[in-house]
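Breakdown of the fold
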Amino acid sequence: MCREIYLYYEKQICIATNIYLKFLMSKIKLNILYIDPSEADLHSFESQLGKFYHIHTTRCPKEARKILRHNTVQLVIAEQELGESTGVEFLKSLTGKYPDLIKVVLADSRHTPEIIKALNVYTVHKYIIKPWDTKELKEAIDDGLQIFVKKRKNKKILTHLQYLLDQMNLVHTVSLKISEKKPLGVLLSEIMEGSKTVMNAEASSLLLYDPRDRMLHFKVATGEKGALVKKYSVKMGEGIAGWVAKHRKPLLIEDCYKDYRFSREFDEKTKFRTRSMVCVPLVRKRKLLGVMEVINKRDGASFTEADLNIFGTLASQCAISIENAQLTEIQIESVALERELQTAREIQQRLLPASLPEFRDIEVVARLIPARKVGGDYYNIVKINDRLTLFFIADVSGKGVPAALIVSTIFSCLETYLNLFRDDFNLPTLVLSMNKALIGSTTPDKYATCWFGLYDQAENKLMSINAGHNPPYIFRRGVREPLVLNTGGVFLGIMEVPFEIEEMSLQPHDVLVFFTDGVTEAWNKKEEDYGEHRLMAVVDNHREEHASEILSAIEEDVNQHVRGAPQSDDFTCAVVKILE
């Protein structure tokens, strides 16, 4: 499910960057305000350019402000010598109240230094020498039109992207809430309030299906008339909710009063006017649980296909929570939870490589032993092509289902990047992309430490980026202490920062070991850590053996240290040995 959500939003973001192309290309007759104390220049300007633009003219700044208050103006042109102030000073005073306004100043060469300074700090956008050349002036105005349109386009794109990011955060929040132990009513109320907020709806409601009377009963109803609505029930097949429940198909309706399926009964009883609606079924394992709906987009806007898709995703998540809560109510929560955790463990195990790639010049082995049914460790070894191989390991903060959900995001991000850019693989870009994806899909207290290693077999060169992870070690013949791969940056999912990369050549008999803190911080009954020095000693004693034997030695030594104490964290470790 997490992978489907990630891919859906990746597609939506691509759409958002192009959605206003028509707006950019549309013909807009620009509204211009021109301020100049010279009556002759005002008349000349209007006679030369009036056929191209809507023009407002005035001789003083005070009157200009009045025109701006009562008219939509995209571009203002000011003569530098306005008497009570300079043109640059006047244009600068407009910045706070009219941030999108394009500003042009007219002046002779005496004012060039002052105007260049204004251009450098974006007080004005263009500078035209007076007396003007009509062609040059029109080109400056047309350039201003392009700047204005691009500003508008960028604002709308940012607004749309923020809307998508808010929806992504809601899906993630709902996924986390499913794992919380809360009464069903409290959980569903939180979900529906969140749905109403993110989808910018006036009201939202959730109806549960009771197979005993074949009726839909309101479990949650938000909005001004929510308390009244909860008093009623809906028959299967009647009204929008009844139709969706019967046919188990979602509906997006722009005008409910024009839809034959809509019943006006509730509007008449509650004095509420239903204009538009998104209604989706709640289905789990082919079993109907109920329906969810959001009503009336605020500000007179209409619901979109994107709203329908996200609401459908929320419904599938909500169906899981309803099923879990109902199982809890009949006192079989522990059985259900065990079954679901086992499924989650199986799913998480499928995220790990089923088998490692084979190489003629290196030996590679890896092992992950979770401390719980599901956990926050993940590794992968991917043969990108005949030359490049990616070594990757991650450790998500926290444990259990929340950590496993973030592991799914990491897996989806890695898989998506490899599918798109396998032929043009770039390690720093992968790191930055994964960091951005985690920032957008996790809460501030959740993050992941990661290590990325890209091995070039043709040149025997390893490129390494360490994102706050336990540093891998390279053991080398004749070198007393192992080489430590520390270079990189902070862990992923917190902030957008650059990452450093380090490169080094690998030599025959070199042993590379990368691991999570579940190895070095494994506790015994005295709560003593296994420690990095003990790990180094084990590898050093077995460095001449095969990679599989080195990994087995590490695991056996950790078990000897723990000696029956419960496993406190996931054990993940990988060993790479360079052959002759």
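A brief report on the enclosed structure follows. (Residues numbered from 1 in each chain as written. Predicted model: local features only at pLDDT ≥ 70, side-chain atom pairs only at ≥ 80, totals over all residues. Heavy atoms only, no water.)

1. Structural notes on the overall build of the chain
- Helix and strand counts for the chain come out as 18 helices and 22 strands.
- Within the chain, counting contacts between residues at least 6 apart in sequence, those at least 24 apart form 66% of the total.
- Surface accessibility of the chain: about 28800 Å² in total, with carbon and sulfur atoms responsible for 51%. (Helix = DSSP H or I, 4+ residues; strand = E, 2+ residues; numbered from the N terminus. Contact = heavy atoms within 4.5 Å. Areas by Shrake-Rupley, 256 points an atom, 1.4 Å probe, with all protein chains shown as cover.)

2. Comments concerning the nonpolar core
- Counting 56 residues, the largest nonpolar core has F391, F392, I410 and M434 as its most contacted members.
- Tallying contributions element by element places helix α14 (residues 400–421) first for this core, with nine residues.
- By size, the runner-up hydrophobic cluster in this structure holds 25 residues, among which are I191, V278, L282 and C318. (Core = buried A, V, L, I, M, F, W, Y, C linked by side-chain atoms within 4.5 Å. Buried < 20%, exposed > 50% of the residue type's maximum accessible area, 1.4 Å probe, protein only.)

3. Some remarks on unusual backbone geometry
- Residue P131 follows K130 across a cis peptide bond; omega there is 5°.
- Tracing the sequence through the fold places P131 in the loop between β5 (126–129) and α7 (134–178).
- Although it is not a glycine, N200 adopts a positive phi angle of roughly 55°.
- Here N200 shows up in the loop between α8 (184–198) and β6 (201–210).
- Even without being a glycine, R248 presents a positive backbone phi close to 55°.
- Topologically, R248 is positioned in the loop between α10 (239–247) and β9 (251–253).
- Residue classification places R248 among the partly exposed positions, given a relative accessible area of 39%.

4. Thoughts on the side chain of T516
- Within the secondary structure, T516 is located in the loop between β21 (511–515) and α16 (517–520).
- Of the polar contacts made by the side chain of T516, one reaches the side chain of D377; its length is 2.8 Å.
- When residues no more than four places from it in sequence are discounted, the contact partners of T516 are D377, I393, A394, D395, H469, N470, D570 and T572. (Polar contact = N/O pair within 3.5 Å; in protein donor to acceptor, adjacent residues only side chain to side chain.)

5. With respect to α10
- Among the nine residues that make up α10, seven are buried, leaving the element largely enclosed by the rest of the structure.
- The complete set of buried residues in α10 reads G239, I240, A241, G242, W243, V244 and A245.
- Packed against the buried residues of α10 are β7 (215–221), β8 (233–235), β9, β10 (277–284) and β11 (287–297).
- Count one or two residues on from α10 and you reach R248, which has phi positive near 55°.

6. Overview of the pairing of strand β4 (residues 102–107)
- Burial within β4 is extensive, with six of its six residues counted as buried.
- Burial of β4 is two-sided: the residues I102, V104 and L106 facing one way and the residues K103, V105 and A107 facing the other way are all buried.
- Here strand β3 (residues 75–79) pairs with β4 via five bridges, running parallel. Within β4, the position partnered with A78 by the bridge is V105.
- Taking the sense of rotation as the criterion, the β-α-β connection linking β3, helix α5 (residues 87–93) and β4 turns out right-handed.
- As paired strands, β4 and β5 are joined by four bridges and run parallel to one another. Paired with V104 across the bridge in β5 is K126. (Pairing = 2+ DSSP bridges. Right-handed = clockwise from strand over helix to strand, strands pointing away.)

7. Re a negative patch on the surface
- A contiguous patch of negative charge on the surface is contributed by E521, E528, D529 and E532.
- Its place among the elements puts E521 in the loop between α16 and α17 (532–542). (Patch = residues over 30% accessible without salt bridge, like charges linked within 9 Å, V, L, I, M, F, W, Y side chains within 5 Å. Salt bridge = Lys/Arg side-chain N within 4 Å of Asp/Glu carboxyl O. Lys, Arg positive; Asp, Glu negative; His and termini not counted. Charge placed at Lys NZ, Arg CZ, Asp CG, Glu CD.)

8. Let's talk about the environment of M199
- As for its placement among the helices and strands, M199 is situated in the loop between α8 and β6.
- For the pair M199 and D166, spaced 33 residues apart in sequence, the C-alpha to C-alpha distance is 9.2 Å.

9. Observations regarding the pattern of salt bridges
- By the definition in use, this model includes 22 salt bridges.
- Among the salt bridges present, the one from E459 reaches K461, with a minimum N-O distance of 3.4 Å.
- A residue is classified by how much of its surface remains accessible, and E459, at 43% relative accessible area, is partly exposed.
- For the salt bridge of R476 with D510, the shortest nitrogen-to-oxygen distance reads 2.7 Å.

10. Description of helix α4 (residues 61–70)
- What α4 keeps buried is the set P61, A64, I67 and L68. Viewed end-on, α4 has its buried residues packed into an arc of 110°, placing them on one side of the element. Those residues of α4 that are exposed and angled more than 90 degrees off the buried face are K62, R69 and H70.
- Buried-residue contacts for α4 involve β1 (31–35), β2 (54–58) and α5. (Arc of directions from axis to C-beta.)

11. Focus: the packing of aromatic side chains
- Taken as a whole and assessed by the stated rule, the structure comprises 16 aromatic pairs.
- When the centroid spacing of 4.9 Å and the interplanar angle of 45° are considered together, the rings of F392 and F452 count as tilted. With a gap of 60 residues between them, F392 in strand β14 (residues 388–396) and F452 in strand β15 (residues 448–456) connect regions that are remote in the sequence. Both residues of the pair, F392 and F452, count as buried.
- The structure contains a cluster of three or more aromatic residues connected by ring pairs, namely Y378, F392, F411 and F452.
- The positively charged end of K138 is found above the aromatic ring belonging to F52, 4.6 Å away from the centroid. (Phe/Tyr/Trp six-rings, centres within 6.5 Å; stacked < 30°, edge-to-face > 60°. Lys NZ or Arg CZ within 6 Å of the ring centre and 35° of its normal.)

Such coordinate-based values are descriptive only and should not be taken to indicate function.
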